[in-house]
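Letter by letter, the chains look like this.
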Amino acid sequence: GAKAECGSSAIAATKSGEAAEPECCTALADCVICLVYLPSGEARDAAKAMAWSMGAYTTLSPFDLAITHVLFKVRPLEKTAAQVSVRIAEDQVCFLDQSWLEACCEKRRRLPESQFPHQRVSYSPVLDADYAAIARKGGATIAARMTSKGGRRPLGAAPSAAHPEALPPL
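The model shown is predicted, which means the values in this text are computed figures rather than measured ones.

Undergrad: I would appreciate a short explanation of helix 2 (residues 42-53) in the present structure.
TA: Note: α-helices contain 3.6 residues per turn, so residues at a spacing of three or four share the same orientation. Between its first and last C-alpha atoms helix 2 spans 16 Å; for 12 residues at 1.5 Å apiece the expected length is 16 Å, and the two agree. For helix 2, the buried fraction is high: 9 of the 12 residues fall into the buried class. Turning to helix 2, its buried residues are Arg44, Ala46, Ala47, Lys48, Ala49, Met50, Ala51, Trp52 and Ser53. Among the residues trailing helix 2, Gly55 stands out with phi positive, at a value near 90 degrees.

Undergrad: Quick question: what am I supposed to make of the pattern of salt bridges here?
TA: Once their charged atoms are close, side chains differing in charge can pair, the charge on each being opposite to the other. Across all of its chains, the model carries 2 salt bridges by this definition. Of the charged contacts in the structure, one is a salt bridge between Asp30 and Arg110, with a shortest N-O distance of 3.1 Å. Separated by 80 residues along the polypeptide, Asp30 in the loop between helix 1 (8-16) and strand 1 (32-34) and Arg110 in the loop between helix 3 (99-107) and strand 6 (121-123) bring together distant segments of the chain. Relative accessible area serves as the criterion here: at 55%, Asp30 is assigned to the exposed category. Residues Arg110 and Glu113 are paired through a salt bridge, measuring 2.8 Å at the closest nitrogen-oxygen approach. The exposure class assigned to Arg110 is partly exposed, which follows from its relative accessible area of 34%. Salt bridges sharing partners connect three or more residues here, namely Asp30, Arg110 and Glu113.

Undergrad: What is the right way to read the packing of helix 2 against helix 3 from this model?
TA: The relative placement of two packed helices comes down to the angle between their axes together with the axis-to-axis distance. Relative to each other, helix 2 and helix 3 sit at 45 degrees, their axes nearing to 10 Å. In this view, helix 2 runs oblique relative to helix 3, as classed from their interaxial angle. The hand of the helix 2/helix 3 crossing is left-handed. Across the interface between the two elements, Ala47, Met50, Ala51 and Ser53 from helix 2 touch Leu101, Glu102 and Cys105 from helix 3.

Criteria and thresholds
Per chain, residue numbering runs from 1 following the sequence as it is written. Whole-chain, interface and lining totals are the exception, using all residues; otherwise, since this is a predicted model, local features are given only for residues with pLDDT of at least 70 and side-chain atom pairs are given and counted only at 80 or more. Water and hydrogen atoms play no part in the side-chain values, which are based on all heavy atoms of the structure. Secondary structure is summarised from DSSP: a helix means a run of H or I of at least four residues, a strand means a run of E of at least two, and numbering begins at the N terminus for each. In a helix, the anticipated span is given by 1.5 Å times the number of residues less one. Three exposure classes are used, based on accessible area relative to the maximum for each residue type with a 1.4 Å probe and protein chains only: buried under 20%, partly exposed in between, and exposed over 50%. Salt-bridge detection follows one rule: a side-chain nitrogen of Lys or Arg within 4 Å of a carboxyl oxygen of Asp or Glu. Fitted lines through C-alpha atoms serve as axes, helices being fitted only where they are in contact, and the angles separating the N-to-C directions of these axes extend from 0 to 180 degrees. Throughout this description, any angle smaller than 35 degrees is read as roughly parallel, any larger than 145 degrees as roughly antiparallel, any in the 65 to 115 degree range as roughly perpendicular, and the remainder as oblique. Helix crossings are classified by the rotation of the near helix relative to the far one: an anticlockwise turn of less than a right angle makes the crossing left-handed, while a clockwise turn makes it right-handed. Throughout, a residue-residue contact means that at least one pair of heavy atoms, one from each residue, lies within 4.5 Å.

So this is what it looks like as structure tokens:
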């Protein structure tokens, strides 16, 4: 049979509400991708499915110290920086457009982050409206629901002390 595009079965399953079982590759196995700054719903679910199909971990907690990438829908003409709770460590964390993940998935390998649009950010947990919205909706409930669905672990990965599952309080 023909091989499915990376994540395509996961995206189709997400849209139809079925459990996703995409083919797994490990090109992004050393990545922890924060999805909290993507629009909730279908866009975030699709990004999670793509990340997991590439072997990456995902989280909705901006306080997770293991984060390597933070995805946004970058608006090139936007002059203001996004307010984030993720610590800005430029040599450790990349703040970039979701097109990087989509392209990695399409090529089935990790692509250089420098070739994709980056988001201007400002570390300001008090003004981080995206995380506050999740916390208001019941961060503990969301963390429990994500954990019960496999949490931020990619398919087949076991939990570890290095990858805690719960969202911390504000």
